[in-house]
Amino acid sequence: MTESRPDPDQLLAKLKEEEARAERGKLKIFFGASAGVGKTYAMLQAARNVKQQGVDVVIGVVETHARAETEALVNGLERLDLKEIRYRDRSLKEFNLDAALARKPKLILVDELAHSNVPGSRHPKRWQDVEELLDAGIDVWSAMNVQHLESLNDVVSGITGIKVWETVPDRVFDDTDEVVIVDLPPDELLQRLKEGKVYLPQQAERAVRNFFRKGNLIALRELALRRTADRVDDEMLQYRRNLASVPVWQTRESLLLCIGPDERSEKLVRSTARMAAQLDVPWHCIYVETPHLQRLPEAARQRVMHVLKLAEDSGALTATLTGNTLAGTIVKYAHEYNLSRVVLGRDTGRLIRPWRMTLAEAVGAQGNDLDVIQIALPTRDRGHRPRARESEGEAASDRAAAAWLPYVWSVGICGAVTLALAPLHDVLDLANIVMVFLLAVVAVAVRLGRGPAVLAAFVSVGAFDFFYVPPRFSFSVSDAQYLLTFAVMLVVALVIGQMTAGLKFQARVATLREERVSALYALSRDLSGALMAEQIAEIAARFLKSEFQAKSALLLADLQDKLTDALPQPDMPVGVDVGIAQWAFEHGEAAGQGTNTLAASPLLYVPLKAPMRMRGVLAIEPANPARLVGPEQRRSLDTCASLLAISLERIHYVEVAQSTTVQMESERLRNSLLAAISHDLRTPLAALVGMAESLAMMHSPHGGAQSEMTGRIRDAALRMNSLVSNLLDMARLQSGQVQLNRQWQPLEEVVGSALNAMSGALDTRRVQVSLHDDLPMVNIDAALIERVLCNLLENAVKYTPAGSQIRISAHATSERVNITVDDDGPGLPKGREEAIFQMFERGRKESATPGVGLGLAICRAIVEAHEGTIRGASRPRGGARFTVELPRGVPPTLAGIDDVDEVQGN
């Protein structure tokens, strides 16, 4: 009855949680294996049904992908206007969160939960918009695919070969109030693709060849169904825990193994692991520490920890439990986790005691809804044990003496009480003497435990009978009623002793757990105030020293995911192996002592995994390796590692934010300065060029010398003017003041204009142009793209000798138009292929070639404003290659142009 009572603290926490959930909106996710299964369609159809029931439904954002049947369901539903956000000279539309909060409907539809918002939005991710709506008390329906779950991202990319960048944390999915699985067989989905109901025909053909292969769809479908089943299983467990007492529901096969301190428990673990593998079911392995087992010798405790580690390595979920009775604790754990089969060992060599139930019988009696499986244990071979060394024999003798010492004290306490009561025999009634003996039993139970308390109960009854019940100094009694007194006294003493010992045991366990939680709380509190990695290393060392008697070292990862040397601190472990730490970092698994990887190492290496990425490795050198073996200790250590990783990530992003702020301010000041200087220099430079040209036209008695000097002045002024123009253009591009004049232009004309503009500089170079005949028109700002080509040609002229060849080529793919500029120069410096596109960066810093490193930066800014990319690389046979990729788009048809001409003519 006592064990079935609900915990008041848990009830209070549950009430607070339910109160908070009642004020919060409800989230419903339509979940599918891939695009095209009908998630949005199902969501809209359900929304129309609830609208007919009088629910206030509003569409926040829905992606119909131009599907006619989906568009038809949108009609009749209120739809919020999207918010326009300027980004890179374009106006993009996003979900209007402020309008949704102001409208505050009962239910709002927000499609594509994993969508990344345009920079400049309130939140970077759409699921964060949804959380703000839920906090405001608005119900939200959304849709997502299985590949967008963060924990399955790498699994999906391994199956499909395609990396999905937009993800949703599993926490959002797990906290969802309702998940609706929208399923479609792969063959039907492929048929929908062929019919153009998912993508346009050209896109559908490409999708079938890549992502939407039948094998991929089958695997994604299994992932979606399994993930939904796991979530339903968690909901069922949570529902069961909210009930006071429910039998096991046979919804899913599972095994529960209970081990003991016996050296034969390893066979139980291996047999259960094989059974679980054959049945393909999950399994748990527990060790129950009862008051009878709390005084185990250290060797037995180490054996238990070793067996639990073996079970964990074999795939079990392990736990160390405490309870007054072994069978009751097993049944309670099985009911809590809905485990239907209990596996126990059967000792074939044990004497049968009919008056006592076996553990299997006790579990079957208390849990009549459980299946009990018994595995035969081998008989202990007592005759072939190796002879113990003398020192081991002495140690065993010491342990035996220590085990009997509490019983000696128990008898001594009862004797002392008997002697103390002797002078008071004539003063105290027999009832009061009984109370004093009961008090002695309680004292023995508190100080010495359960076994000595049982002995004290029998000794107290015997002493009371022999010394105080007439006739005294004899076990015979003059009145038969004293027999009832003895029986009641014995029962009361036994019950009080057992209850006191049990409460003491539970109090000790609760104290240990409270100390562990308090230590983790103190660690979290200290880490929240840390501002440097060195402080985190010091806090971690202090925690590990106090909790595990271990030394520690913190190794952080750099931007290239390479571990640096351990942060210096006073008491560091000796012999930190960076190679083992790097392995643990790269594989995300613990290595070293107590693991299956390089177990001979004296240190344990634990990776620090933060929500965004791995942050480093914690190296631990325990004074006693056994302190890190138990499940409770490993969980505390894992919690410590998680807190350290989160703190390191917080510090990293604080530094990133500070650096970004400083960089933004520096860029703003630099752009303002460049713009001001450029404007002030253009006027005198224009005058200087004009005067140089005037001098060149005047006749002078000095003749050729003056003309040459005038030409040099003019060329220098023009170079300075070009540099100032570059500075001014770069400042305008970065400030966002350049407005693109995009029109559909033939690429051949843009290339020709660039060659004409650079005709003077290209006189000493051989230029080869190769443009495919099927080049489409591109939607570009012709003047800016011409500037890109001019800068690339000028760069080629600077770094190539006279007479070398420069090649310009262009071709189109299904989605892009690629322009390539090749030269025969020295190529790009290795490792600086990206750096050369930064402002004031040059390929070779010691080069005598004139320039300040702005041309390529301007090229990248212009190309990215066109939603394209530009990259540079060295060619295998020498020279540099710059490739510009522009979006192809769909140019207007001739019919549309003719219609416009007719309208203008009329």
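Our subject in this report is the structure included herewith. The structure displayed is predicted, hence computed values, not measured ones. (Residues numbered from 1 in each chain as written. Predicted model: local features only at pLDDT ≥ 70, side-chain atom pairs only at ≥ 80, totals over all residues. Heavy atoms only, no water.)

Looking now at the pattern of salt bridges. Applying the stated rule across the entire model yields 27 salt bridges. Among the salt bridges present, the one from Asp-98 reaches Arg-122, with a minimum N-O distance of 1.9 Å. Remark: Arg-122 occurs in the loop between β6 (107-110) and α5 (126-135) and Asp-98 occurs in helix α4 (residues 97-103); sequence separation between them is 24 residues. Under the relative-accessibility criterion, Asp-98 is labelled partly exposed at 39%. One salt bridge in this structure joins Arg-871 and Glu-885, with 3.0 Å as the shortest N-O distance. With a gap of 14 residues between them, Arg-871 in strand β23 (residues 869-874) and Glu-885 in strand β24 (residues 880-887) connect regions that are remote in the sequence. (Salt bridge = Lys/Arg side-chain N within 4 Å of Asp/Glu carboxyl O. Helix = DSSP H or I, 4+ residues; strand = E, 2+ residues; numbered from the N terminus. Buried < 20%, exposed > 50% of the residue type's maximum accessible area, 1.4 Å probe, protein only.)

A general trend in soluble globular proteins is that nonpolar side chains are found buried together. If you look at the biggest cluster of nonpolar residues, it comprises 39 residues, and the most contacted ones within it are Leu-747, Leu-792, Phe-882 and Val-884. At 9 residues, helix α24 (residues 782-798) tops the list of elements feeding residues into this core. The contacts of Leu-792, once residues within four sequence positions are left out, are Val-821, Leu-856, Cys-859, Ile-870, Phe-882 and Val-884. Counting 32 residues, the second-largest nonpolar core is a separate cluster that includes Ile-29, Phe-95, Ile-108 and Val-172. (Core = buried A, V, L, I, M, F, W, Y, C linked by side-chain atoms within 4.5 Å. Contact = heavy atoms within 4.5 Å.)

Attention now goes to the side chain of Ser-142. By the element assignment, Ser-142 lies in strand β7 (residues 139-145). Apart from residues no more than four positions distant in its own chain, Ser-142 is found in contact with Lys-28, Ile-29, Phe-30, Met-43, Val-110, Asp-111, Glu-112 and Leu-113.

Along the polypeptide, Gln-569 turns up in the loop between β14 (550-556) and α20 (578-587). In this structure, Gln-569 is in contact with Ala-537, Glu-538, Ala-541, Ser-552, Ala-553 and Leu-554, ignoring residues within four places of it in sequence.

Below, the discussion takes up the state of the cysteines. Applying the stated criterion across every chain, the model contains 0 disulfides. Sulfur of Cys-790: no disulfide; nearest cysteine sulfur belongs to Cys-859 and is 9.4 Å away. The class of Cys-859 is buried, set by a relative accessible area of 0%. (Disulfide = S-S within 2.5 Å.)

An order of β3-β2-β6-β7-β1-β8 is seen for the 6 strands of this open sheet, with the pairing classed as parallel. One side of each edge strand has no neighbouring strand; the edge strands of this open sheet are β3 (78-79) and β8 (178-182). By the bridge criterion, 2 bridges tie strand β2 (residues 57-61) to β3 in an arrangement that is parallel. Note on β3: the bridge partner recorded for Ile-59 is Arg-79. Those strands touched by helix α2 (residues 39-52) are β1 (27-32), β2, β6, β7 and β8, and its axis lies near 160 degrees from that of β7. Most of the contacts of α5 go to β6, to which it runs at about 175 degrees, and overall it touches β1, β2, β6 and β7. (Pairing = 2+ DSSP bridges. Axes fitted to C-alpha atoms, helices over the stretch in contact; angles between N-to-C directions.)

Here we come to the packing of helix α17 (residues 450-467) against helix α18 (residues 481-528). At a closest axis distance of 9 Å, the pairing of α17 and α18 adopts a crossing angle of 160 degrees. One way to sum up the angle between α17 and α18 is to call them roughly antiparallel. Handedness of the crossing formed by α17 with α18: right-handed. Along the contact surface, α17 presents Arg-450, Ala-453, Val-454, Ala-457, Phe-458, Ser-460, Val-461, Phe-464 and Asp-465, while α18 presents Thr-485, Phe-486, Met-489, Leu-490, Ala-493, Leu-494, Gly-497, Gln-498, Ala-501 and Gly-502. (Parallel < 35°, antiparallel > 145°, perpendicular 65-115°, else oblique. Left-handed = near helix turned anticlockwise from the far one by under 90°.)

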